Amino acid sequence: IYSELVVDHLTLNANFHEVIPEQYDAIIIPGGRFTELLSTDEKCVSMVARFAELGKIILTSCHSQLLLAAAGILARGMKCTAFESMKPFIELSGGSWWQQPGVQTVFDITDCVMDGNFISTLGWPTLGNTLRVLLESIGSKITCSKETQPSLLFLIGDCVEDYSINVPFKAFQALGCKVDAVSPNKKKGDKCATIVHDLEEGRQLPTEKSSHNFYVTVAWEDVSVDDYDCIVVPGGRSPELLVMNDKAVGLIKKFVEKGKFVAAIGMGNWLLAATGALKKKRCASGYGTKVAVKVAGGQILESEQCVTDDKLVTAATTSDLPAFVHALSTALGLSVVF
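Residues numbered from 1 in each chain as written. Predicted model: local features only at pLDDT ≥ 70, side-chain atom pairs only at ≥ 80, totals over all residues. Heavy atoms only, no water.

1. Some words on the layout of surface pockets
Move 1: Considering only enclosed or pocket space, the second largest pocket measures out at about 150 Å³ in volume.
Move 2: Forming the walls of the second largest pocket are Leu-135, Ala-171, Ala-174, Leu-175, Val-325, His-326, Ser-329, Thr-330, Leu-334, Ser-335 and Val-336.
Move 3: Among the secondary structure elements, those contributing two or more residues to the lining of the second largest pocket are α6 (162-174), α11 (321-331) and β19 (334-337).
Move 4: Among the elements that take part in the lining of the second largest pocket, α11 stands out by supplying 4 residues, more than any other. (1 Å grid on protein atoms, 1.4 Å probe; cavity = no way out; pocket = protein on both sides within 12 Å on 5 of 7 lines; lining within 4 Å. Points joined across faces, edges and corners; volume = space filled by probe spheres on them. Helix = DSSP H or I, 4+ residues; strand = E, 2+ residues; numbered from the N terminus.)

2. Things to note about the environment of Asp-41
Move 1: As for its placement among the helices and strands, Asp-41 is situated in the loop between α1 (34-38) and α2 (42-53).
Move 2: The exposure class of Asp-41 is partly exposed, given its relative accessible area of 27%.
Move 3: As for Asp-41 and Leu-67, which are separated by 26 residues in sequence, their C-alpha atoms are 9.5 Å apart. (Buried < 20%, exposed > 50% of the residue type's maximum accessible area, 1.4 Å probe, protein only.)

3. Describing the UniProt feature "domain: DJ-1/PfpI" (unreviewed entry) in the protein chain
Move 1: Taken from the UniProt record, the annotation "domain: DJ-1/PfpI" (unreviewed entry) applies to residues 9-129 and 152-329.
Move 2: Summarising residues 9-129: 26% helix, 17% strand, and an end-to-end C-alpha distance of 26 Å.
Move 3: End C-alpha to end C-alpha, residues 152-329 measures 11 Å, and it is 30% helix and 28% strand. (UniProt positions renumbered as here; feature names shortened; annotations may be inferred.)

4. Focus on the sheet that holds strand β2 (residues 57-61)
Move 1: Pairing is mixed in the open sheet, where 4 strands are placed in the order β1-β2-β6-β5. Only two strands of the sheet have a single neighbouring strand rather than two, namely β1 (26-29) and β5 (113-115). Here the average twist between neighbouring strands, direction ignored, is 15°.
Move 2: Across 3 bridges, the pairing between β5 and strand β6 (residues 118-121) is antiparallel. Directly across from Asp-115, in β6, lies its bridge partner Phe-118.
Move 3: Against the sheet, α2 engages β1, β2 and β6, with an angle of about 140° to β1.
Move 4: Here helix α5 (residues 127-137) sits on the sheet in contact with β1, β2, β5 and β6, set at roughly 175° to β6. (Pairing = 2+ DSSP bridges. Axes fitted to C-alpha atoms, helices over the stretch in contact; angles between N-to-C directions. Contact = heavy atoms within 4.5 Å.)

5. Regarding the packing of aromatic side chains
Move 1: Taken as a whole, this structure holds 4 aromatic pairs when the rule is applied.
Move 2: Measuring from ring centre to ring centre gives 6.1 Å for Trp-124 and Tyr-215, while their planes differ by 10°; the resulting arrangement is stacked. With Trp-124 in the loop between β6 and α5 and Tyr-215 in strand β12 (residues 207-215), this pair connects stretches of sequence that are 91 residues apart.
Move 3: By relative accessible area, Trp-124 is classed as partly exposed at 47%. (Phe/Tyr/Trp six-rings, centres within 6.5 Å; stacked < 30°, edge-to-face > 60°.)

6. Quick notes on the sheet that holds strand β18 (residues 312-315)
Move 1: Read from one edge to the other, the open sheet built from 6 strands follows the order β10-β8-β13-β14-β18-β17, with strand pairing classed as mixed. Strands with a single pairing partner mark the edges of an open sheet, and in this sheet they are β10 (178-182) and β17 (306-309). Here the strands of the sheet are splayed against their neighbours by 15° on average, with no regard to which way each runs.
Move 2: The pairing of strand β13 (residues 230-233) with strand β14 (residues 261-265) spans 4 bridges and is classified as parallel. Across the sheet, Cys-230 pairs through a bridge with Phe-261, a residue of β14.
Move 3: On the sheet, helix α9 (residues 268-275) packs against β8 (151-155), β13, β14 and β18 and is oriented at approximately 135° with respect to β14.
Move 4: Packed onto the sheet, α11 meets β8, β13, β14, β17 and β18 and runs at close to 180° relative to β14.

7. Points about the pairing of β2
Move 1: Of all 5 residues in β2, 5 are buried, a share of seventy percent or more.
Move 2: Bridge analysis of β2 against β6 gives 4 bridges, and the strand direction is parallel. Among the inter-strand pairings, Ser-61 is bridged to a residue of β6, identified as Thr-121.

In structure tokens:
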């Protein structure tokens, strides 16, 4: 079975007692052990029940279906899926268990299930498709100005930053793109260890902590530059590893030579700097890559979180991922319209 890690801290942006369900289109309840605690809290259960009464979208993942059971929602015979250990409790609560057929490997786990205004999913492997279903269920339309949907290749290695690979990877899956992750000397199905950075009080630099593993989706020898519109280098420590690998440096150069889009997040600039991709280009940069960008001939726009310069898109830090996803999707001709 899976293991759980204590990684970084999430800053709340709202007070529970100020939430008015009528002012939201959906409630999303992520997975995790916290749902065991919230499922016994009358205020939390009542809030979920109120969203259901209003016909609002309710999205649950992994174990958070416990809150549906606690609110009595599953008693209606609702079709529902979750982490498989939840099956008996969903059925005991009156729900109808759904499981994606034909699953052989983690790459086959892609689907969620929607029954009325309820969306449920097994967990993180399905998040790309689940986000797409969520967007469509609240009235959005995903469009592309190109003849074909864009395809993106993420170049990663061990100690890649968790959010800077997972967030854009799943976001572009949700937008209907072909998305792959590759790493030198790893084959499809191999894992790359990820890290997160957590800024603790009294420290000048963030603490680096181990996080989830990320699965490589394509073998190095199977990658062809012509199959992709864009290469993305996420942050973390992996760019320092990749910059010492001639194959990784050469792959970036091929994307540049063929006029493809090149993007980087945070320390990803470290690898782009070594390839010449930043020369005479305007960039966003965190403090960790400022010297590298400057000696590589790039121009740092100090006040910008994310910068697009022709076919180069750079984000300063992981905190700038919303701006990065918007900028890169726009550059690739994608839009989400409500």
